[in-house]
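One letter stands for each residue in the lines below.
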Amino acid sequence: MVKKIFIEIPSWLGDAIMATPAIQNIIKTYPEAKITLLSSFVSTQAFEGYPNVERVLVDNTKKDGNRYKNLISLAKDIGKVDLAISFRRSFSSKFMMFFIKAKRKFNYKRLTKKEIHLAIRYNDFVNKALKLKNEVGDLKLYFEPFKYEKSTFGINPGATYGSAKRWYPQEFAKLAISLASKYDIVIFGGPAETNIAKDIEEELIKNKITNYQNLAGKTSIKELIQKIAGLELFVTNDSGPMHVAAAYKVKTVAVFGPTKFTETNQWKNDKNGLIVTKNLECAPCMKRECPLKHHNCMKSITANDVMSAISKLEE
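On a predicted model such as this, the values are computed, not experimentally measured, just so you know. (Residues numbered from 1 in each chain as written. Predicted model: local features only at pLDDT ≥ 70, side-chain atom pairs only at ≥ 80, totals over all residues. Heavy atoms only, no water.)

Enquirer: I would appreciate a short explanation of helix α7 (residues 169-179) in the present structure.
Expert: Turn by turn, an α-helix covers 3.6 residues, leaving residues three or four places apart pointing in a common direction. If you check which residues of α7 are buried, you get P169, E171, F172, A173, L175, A176 and L179. Where α7 is buried, its residues contact β6 (152-156), β7 (184-187), α8 (194-206), β9 (233-237) and α13 (303-314). (Buried < 20%, exposed > 50% of the residue type's maximum accessible area, 1.4 Å probe, protein only. Helix = DSSP H or I, 4+ residues; strand = E, 2+ residues; numbered from the N terminus. Contact = heavy atoms within 4.5 Å.)

Dropping the structure here:
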């Protein structure tokens, strides 16, 4: 009988959201079990309201003192569980899991070298570990979408992983200027992306666009999710907010340059999600910054390219 489950979810927001179909299947398999959840602050915030989760822990073991002593203390704090599952591959996760008292433990493993979507990888891992045959469902978050007064177009010019994943502020601005007569505009971004958002805002002001909000650095994770969930249309880099939009089936154009869209594109948002990419020979390099210093995978994508994709979604 499985009564207590410990789950370490991925620390990146997007990866955590792509793990939700697998986590939903764990809950479905053990509907009476109480879950302790561990991750970064950002990822745990996204799981507010998740069924069966009775305890949420933020991994602060890097902050003070010896990390490995902190990981041992964290494992003790988690207590005895029937099942412990980590969706992370890092040494620190394996170290912590070693000290968790659990009847069964499973550390995430990639089961194939083939390029498959991360949502499938996570679900395959759970299926193999628990001897299940569950299919991969939709991404799932439990926040109510924000209700805008008017149809709203959101742009997300940031990407936490690195500058190589970021399309250019002036191109985002061109989209917003073109669409401002049809939609209100919202600029999203984290605390580290306020400068990019400000560049876009300045372009809007120059072009006398007033029906916009710049929310970069001003939202909690809950508010970010709710505001994205309520959008009519969204343009974003490959990022956590892109997966938020997929969870709520928002019409989305995702701009991909150095990353593998086969593995991290919007999961099960096929009817409402389009990708714009140039498929250059040097891509996907999977680097945080362009190793060739030209960044052509993003520079060669124009606002017109993205507008063409938007037109298809609006048909």
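The structure having been displayed, the exposition proceeds.
Enquirer: Looking at this model, I keep getting lost on the pattern of salt bridges. Mind explaining?
Expert: Side chains that differ in charge, positive against negative, can pair when their charged atoms come close. Following the criterion strictly, the structure yields 13 salt bridges and no others. Measuring nitrogen to oxygen at the nearest pair gives 3.2 Å for the salt bridge that ties E171 to K174. Placement of both E171 and K174 in helix α7 is noted, with a separation of three residues, approximately one turn of the helix. (Salt bridge = Lys/Arg side-chain N within 4 Å of Asp/Glu carboxyl O.)

Enquirer: Can you walk me through the environment of V255 in this structure?
Expert: Inspection of the secondary structure puts V255 in strand β10 (residues 251-255). Taking relative accessible area as the criterion, V255 reaches 0% and is therefore assigned buried. When the C-alpha positions of V255 and K312 are compared, they lie 15 Å apart, and in sequence the two are 57 residues distant.

Enquirer: What exactly am I supposed to notice about the pairing of strand β5 (residues 102-107) here?
Expert: Working note: regular strand, side chains alternate between the two faces of the sheet. When strand β4 (residues 81-86) meets β5, the two strands line up parallel, connected through five bridges. Bridge assignment links V81 to a residue of β5, and that residue is A102. Between the parallel pair β4 and β5, the chain is carried across by helix α5 (residues 91-99), and the sense of this crossover is right-handed. (Pairing = 2+ DSSP bridges. Right-handed = clockwise from strand over helix to strand, strands pointing away.)

Enquirer: What exactly am I supposed to notice about the sheet that holds strand β2 (residues 34-39) here?
Expert: As summarised here, the arrangement of the five strands in space is β3-β2-β1-β4-β5, forming an open sheet in which the pairing is parallel. Every other strand in the sheet has two partners, leaving β3 (53-58) and β5 as the edge strands with one partner each. On average, each strand axis in the sheet is tilted by 15 degrees relative to the strand beside it, whichever way the strands run. Of the pairings in the sheet, the one linking strand β1 (residues 4-8) to β2 comprises five bridges and is parallel in character. Bridging from a neighbouring strand, I7 pairs with L37 of β2. Contacting β1, β2, β4 and β5, α5 runs over the sheet at an angle of about 170 degrees to β5. (Axes fitted to C-alpha atoms, helices over the stretch in contact; angles between N-to-C directions.)

Enquirer: Explanation requested: the nonpolar core in the structure shown.
Expert: Inside soluble globular proteins, nonpolar side chains tend to come together where they are buried. Core analysis: the largest hydrophobic core is formed by 55 residues, its most contacted members being F87 and L130. Of all the elements in the fold, those that place two or more residues in this core are β1, α1 (13-18), α2 (20-29), β2, β4, α6 (118-130), α9 (221-229) and α10 (240-247). With seven residues, the single largest contributor to this core is α6. Setting aside chain neighbours within four positions, we find L130 in contact with I26, Y30, L83, I85, R104 and F106. (Core = buried A, V, L, I, M, F, W, Y, C linked by side-chain atoms within 4.5 Å.)

Enquirer: So what exactly am I meant to see when it comes to a nonpolar patch on the surface here?
Expert: Taken together, the side chains of F41, V42 and V58 present a nonpolar region at the surface, about 230 Å² in accessible area. Its place among the elements puts F41 in helix α3 (residues 41-46). Given a relative accessible area of 48%, F41 falls into the partly exposed group. (Patch = residues over 30% accessible without salt bridge, like charges linked within 9 Å, V, L, I, M, F, W, Y side chains within 5 Å. Areas by Shrake-Rupley, 256 points an atom, 1.4 Å probe, with all protein chains shown as cover.)

Enquirer: Before we go on, may I ask you to explain the packing of aromatic side chains in this structure?
Expert: Evaluation of the coordinates by the stated rule reveals 16 aromatic pairs. The interplanar angle of 80 degrees and the centroid separation of 5.7 Å between the aromatic rings of F87 and F125 together place this pair among those described as edge-to-face. Taken together, the residues span a long stretch of sequence, with F87 in the loop between β4 and α5 and F125 in helix α6 at a distance of 38 residues. Judged by its relative accessible area of 2%, F87 falls in the buried class. Geometrically, the ring pair formed by F256 and F261 is edge-to-face, given 6.2 Å between the ring centres and 80 degrees between the ring planes. Assessed through its relative accessible area of 1%, F256 is described here as buried. Of the residues examined, F261 reaches a relative accessible area of 28% and is grouped as partly exposed. Put simply, the rings of Y68, F91, F95, F98 and F99 touch in pairs and so form one group of aromatic residues. (Phe/Tyr/Trp six-rings, centres within 6.5 Å; stacked < 30°, edge-to-face > 60°.)

Enquirer: Whenever I open this one, the sheet that holds strand β11 (residues 273-276) confuses me. Can you help?
Expert: Backbone hydrogen bonds hold the strands of a sheet together, and the pairing may be parallel or antiparallel. Across the sheet, six strands lie side by side as β8-β7-β6-β9-β10-β11; this open sheet has parallel pairing. A strand with exactly one partner marks an edge of an open sheet, and here the two such strands are β8 (212-214) and β11. Strand-to-strand, the axes of this sheet are offset by a mean angle of 15 degrees, without reference to chain direction. Examined bridge by bridge, β10 and β11 share four bridges and lie parallel to one another. Across the sheet, A254 pairs through a bridge with I275, a residue of β11. Here α8 sits on the sheet and contacts β6, β7 and β8; the angle it forms with β8, its principal contact strand, is near 155 degrees.

Nothing here speaks to function; it is all geometry.
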